[in-house]
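Okay, here's what each chain looks like letter by letter:
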Amino acid sequence: MDQQGRVALITGGNRGIGLEVGRQLAAAGLTVVLGARDAQAGERAAADLGAGSVVLDVDDDAGVRAAVAEVRDRHGRLDVLINNAAILYDTWAHAVDADLAEVRRALDTNLLGAWRTAQACLPLLRAGGHGRIVNVSSGAGSLSEMGAGTPAYSVSKAALNALTRILAAELRRDGVLVNAICPGWTATDMGGAGGRPVREGAASVVWGALLDDDGPTGGFFRDGRPLDW
């Protein structure tokens, strides 16, 4: 698919994987808009890429709608949504005594934040006929691999995977492909030192954004290869 003229919005786009995804999408010819909770951080990151930015806090219903309206007014379209914003990799926690307020906070951002942003973007994604939603997930959300620890993060990512399946089925007839992508353990502020380079994790996400119309939907992938749910 020719990517020229297509517009991508990335939540949590001012650093880490989100920023590198923006860099790679821009290199592929897309117009990139970085969503960031802090206006100045978003503007600095966007200036580095030659991209645009919007203030976008995925926990804020009105703010999400306003950000999407700004993208619409500025560009007249939206073709790709990267649901990248996420919090709380709770390596210190266990389900048996987890702080449920922390769990709720993770669900609000990692699941409901992606959900509300997708809902706000759907009119534009449907209108183009070739929309893409990439939910940045994690192997920690795979039921087949899940074990002890990181309860808030793991449960929120498993729920995001479930949302991916449902949205993909509902949007198939509209030409909107929806996939969950695991970037792998990546050396970011959240992932910590020792992971693979950010550019490699981001490339896994970019693959899902640049799928042709006959590409997969409703899948869970890392580096273009299917993962077990």
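Everything below is about the structure printed above this text.
Now for a quick tour of the structure. (Residues numbered from 1 in each chain as written. Predicted model: local features only at pLDDT ≥ 70, side-chain atom pairs only at ≥ 80, totals over all residues. Heavy atoms only, no water.)

Some words on the overall build of the chain
What counts, and what does not: Helix numbers and strand numbers start at the N terminus; a helix is a DSSP run of H or I with at least 4 residues, a strand a run of E with at least 2. What the globule rule says is 2.2 Å times the number of residues to the power 0.38, and the radius of gyration is computed from C-alpha atoms. Relative accessibility thresholds used throughout: buried, under 20% of the residue-type maximum; exposed, over 50%; partly exposed, between the two (1.4 Å probe, protein chains only). Contacts between residues were defined by any pair of non-hydrogen atoms, one from each residue, lying within 4.5 Å.
A tally of regular secondary structure across the chain gives six helices and eight strands. Secondary structure elements of the chain occur, N-terminal to C-terminal, as β-α-β-α-β-α-β-α-β-α-β-α-β-β. Here the C-alpha radius of gyration of the chain, 16 Å, is about what a compact globule of 229 residues would show, namely 17 Å. Along the longest, intermediate and shortest principal axes, the C-alpha atoms of the chain span 50 × 40 × 35 Å. Taking all 229 residues of the chain together, the buried fraction comes to 50%. Taking the intrachain contacts of the chain between residues at least 6 apart in sequence as the baseline, contacts between residues at least 24 apart amount to 67%.

Considerations on the packing of helix α1 (residues 16-27) against helix α6 (residues 198-209)
Under the convention used in this document: Angular values range over 0 to 180 degrees, each being the angle between N-to-C directions of two axes fitted as lines to C-alpha atoms, with helices fitted over their stretch in contact. Should an angle fall under 35 degrees it is called roughly parallel, over 145 degrees roughly antiparallel, and 65 to 115 degrees roughly perpendicular, with every other angle called oblique. Whether a crossing is left-handed or right-handed is set by the direction in which the near helix is turned from the far one by less than a right angle, anticlockwise for left-handed and clockwise for right-handed. Each residue gets one of three labels, nonpolar for Ala, Val, Leu, Ile, Met, Phe, Trp, Tyr, Cys and Pro, charged for Asp, Glu, Lys and Arg, and polar for the others, Gly among them.
Here α1 crosses α6 at 60°, and the two axes come no closer than 8 Å. As judged from the angle between their axes, α1 and α6 are oblique. Seen from above, α1 lies across α6 with right-handed handedness. Touching G16, I17, E20, V21, Q24 and L25 of α1 are V198, R199, A202, A203, V205, V206 and A209, all from α6. Counted by class, the contact of α1 with α6 contains nine nonpolar, two polar and two charged residues.

Looking at the nonpolar core
As a reminder, the rule being used: Residues grouped as a nonpolar core are buried Ala, Val, Leu, Ile, Met, Phe, Trp, Tyr and Cys residues, joined through side-chain atoms within 4.5 Å.
In this structure, L9, L78, L125 and I133 are the most contacted members of the largest nonpolar core, which totals 26 residues. Every element with two or more residues in this core is listed here: β1 (7-10), α3 (61-75), α4 (100-128) and α5 (151-171). Per-element accounting of this core gives the leading share, seven residues, to α4.

Considerations on the pairing of strand β6 (residues 177-181)
Spelled out, the test is: Strands are labelled as partners when DSSP assigns at least two bridges between them.
Counting buried residues along β6, five of its five residues qualify, which places the element largely inside the surrounding structure. Both faces of β6 are covered, namely the face carrying L177, N179 and I181 and the face carrying V178 and A180. Sheet topology places strand β5 (residues 132-136) next to β6; five bridges connect them, and they run parallel. Bridge assignment links I133 to a residue of β6, and that residue is V178.

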